[in-house]
Amino acid sequence: MTWYLDRERIKGLAYAREPHRLQRVAPTRFIFEGHHSRHRLTLAGVGLVCKDCAVYWSTCILPYGGWCRHTIAAERILVANIVEVRLPAFAAQPI
Ligand SMILES: [Zn+2]
């Protein structure tokens, strides 16, 4: 089973180098174009949910959600495309 999940992660990282596969169709909905089919991704409270994917649901542990090659790739593509991130101001504390 471990080799299978390792292979899934490797494929996700390979997909992450192909950002054209991810298409945003609504503020919280995406389509990921896989090699064999399209996958519907939704941004939910647990992160990205790959609705049509058996691997996602086999790794899903509520309430934490699951993962698959499509969510791994989409997360990396989305993070790489964030233009601006506002972090809270940091004020040095006196010692
Ligand atoms: Zn998937």
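See above for the structure.
None of these values were measured; they are calculated from a predicted model.

### Structural notes on helix α3 (residues 69-80)
With 12 residues, α3 ought to run about 16 Å at 1.5 Å a step, and its terminal C-alpha atoms sit 17 Å apart, in line with that. Taken residue by residue, α3 has R69, H70, T71, I72, A73, A74 and I77 as its buried positions.

### Brief notes about the packing of aromatic side chains
One pass over the structure, following the stated rule, counts three aromatic pairs. Seen from their ring centres, Y56 and W57 are 4.9 Å apart, and the 85 degrees between their planes marks the pair as edge-to-face. Assessed through its relative accessible area of 1%, Y56 is described here as buried.

### Some thoughts on the layout of surface pockets
Using a probe with the size of a water molecule, rolled over the atoms, empty space left in the structure can be pinpointed. By volume, the largest pocket is sized at about 210 Å³. As for the largest pocket, its lining consists of 15 residues, of which K11, Y15, H36, R69 and H70 are closest to the centre. Contributions of two or more residues to the lining of the largest pocket are made by α1 (2-15) and α3. Of the residues forming the lining of the largest pocket, the biggest block, five residues, is contributed by α1. Residues that form the lining of the largest pocket fall into these classes: five nonpolar, six polar and four charged.

The rules we used
- Residues numbered from 1 in each chain as written.
- Predicted model: local features only at pLDDT ≥ 70, side-chain atom pairs only at ≥ 80, totals over all residues.
- Heavy atoms only, no water.
- Helix = DSSP H or I, 4+ residues; strand = E, 2+ residues; numbered from the N terminus.
- Expected span 1.5 Å × (residues − 1).
- Buried < 20%, exposed > 50% of the residue type's maximum accessible area, 1.4 Å probe, protein only.
- Phe/Tyr/Trp six-rings, centres within 6.5 Å; stacked < 30°, edge-to-face > 60°.
- 1 Å grid on protein atoms, 1.4 Å probe; cavity = no way out; pocket = protein on both sides within 12 Å on 5 of 7 lines; lining within 4 Å.
- Points joined across faces, edges and corners; volume = space filled by probe spheres on them.
- Nonpolar A, V, L, I, M, F, W, Y, C, P; charged D, E, K, R; others polar.

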